[in-house]
Amino acid sequence: MKKIEVKRHEAEERNAHWASLTPEEQLAHLDRLGLRAIKQREKIGIRLRGSDGTPTPSKKKKKK
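Residues numbered from 1 in each chain as written. Predicted model: local features only at pLDDT ≥ 70, side-chain atom pairs only at ≥ 80, totals over all residues. Heavy atoms only, no water.

*Asks:* Describe the packing of helix H2 (residues 23-33) against helix H3 (residues 38-49), and please don't skip the residues or the numbers.
*Replies:* The interhelical angle for the contact between H2 and H3, taken along N-to-C directions, is 155°, at an axis separation of 9 Å. Taken together, the axes of H2 and H3 are roughly antiparallel relative to one another. In terms of crossing hand, the pair formed by H2 and H3 is left-handed. For the pair H2 and H3, the contacting residues are Pro23, Glu24, Gln26, Leu27, Leu30 and Asp31 in the first and Gln40, Arg41, Ile44, Arg47 and Leu48 in the second. The residue inventory of the contact of H2 with H3, partitioned by class, reads 5 nonpolar, 2 polar and 4 charged. (Axes fitted to C-alpha atoms, helices over the stretch in contact; angles between N-to-C directions. Helix = DSSP H or I, 4+ residues; strand = E, 2+ residues; numbered from the N terminus. Parallel < 35°, antiparallel > 145°, perpendicular 65-115°, else oblique. Left-handed = near helix turned anticlockwise from the far one by under 90°. Contact = heavy atoms within 4.5 Å. Nonpolar A, V, L, I, M, F, W, Y, C, P; charged D, E, K, R; others polar.)

*Asks:* Report on unusual backbone geometry, specifying residues and quantitative values.
*Replies:* At Ala37, a residue that is not glycine, the phi angle is positive and equals roughly 40°. Assignment of secondary structure puts Ala37 in the loop between H2 and H3. For Ala37, a relative accessible area of 28% puts it in the partly exposed group. (Buried < 20%, exposed > 50% of the residue type's maximum accessible area, 1.4 Å probe, protein only.)

*Asks:* Describe H2, with residues and values.
*Replies:* Of all the residues in H2, the buried ones are Pro23, Gln26 and Leu30. Around the axis of H2, the buried residues are gathered within 60° of arc, so they sit on the same side. Positive backbone phi, at 70°, marks Gly34, one or two positions downstream of H2. (Arc of directions from axis to C-beta.)

Quick look at the structure:
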């Protein structure tokens, strides 16, 4: 059995990695694993569309 500190550290790493993915990458990851994750997909959809239902523009880096 793993110690609580080890479990917490692993969870923090997983959460940080998930947060670093774009919404499109998160959806692709859920699809790849074959997970339904209905509520999670709704949350990701809201981030993609924005709170008013319109698509949010993708962030593009400016060239210097």
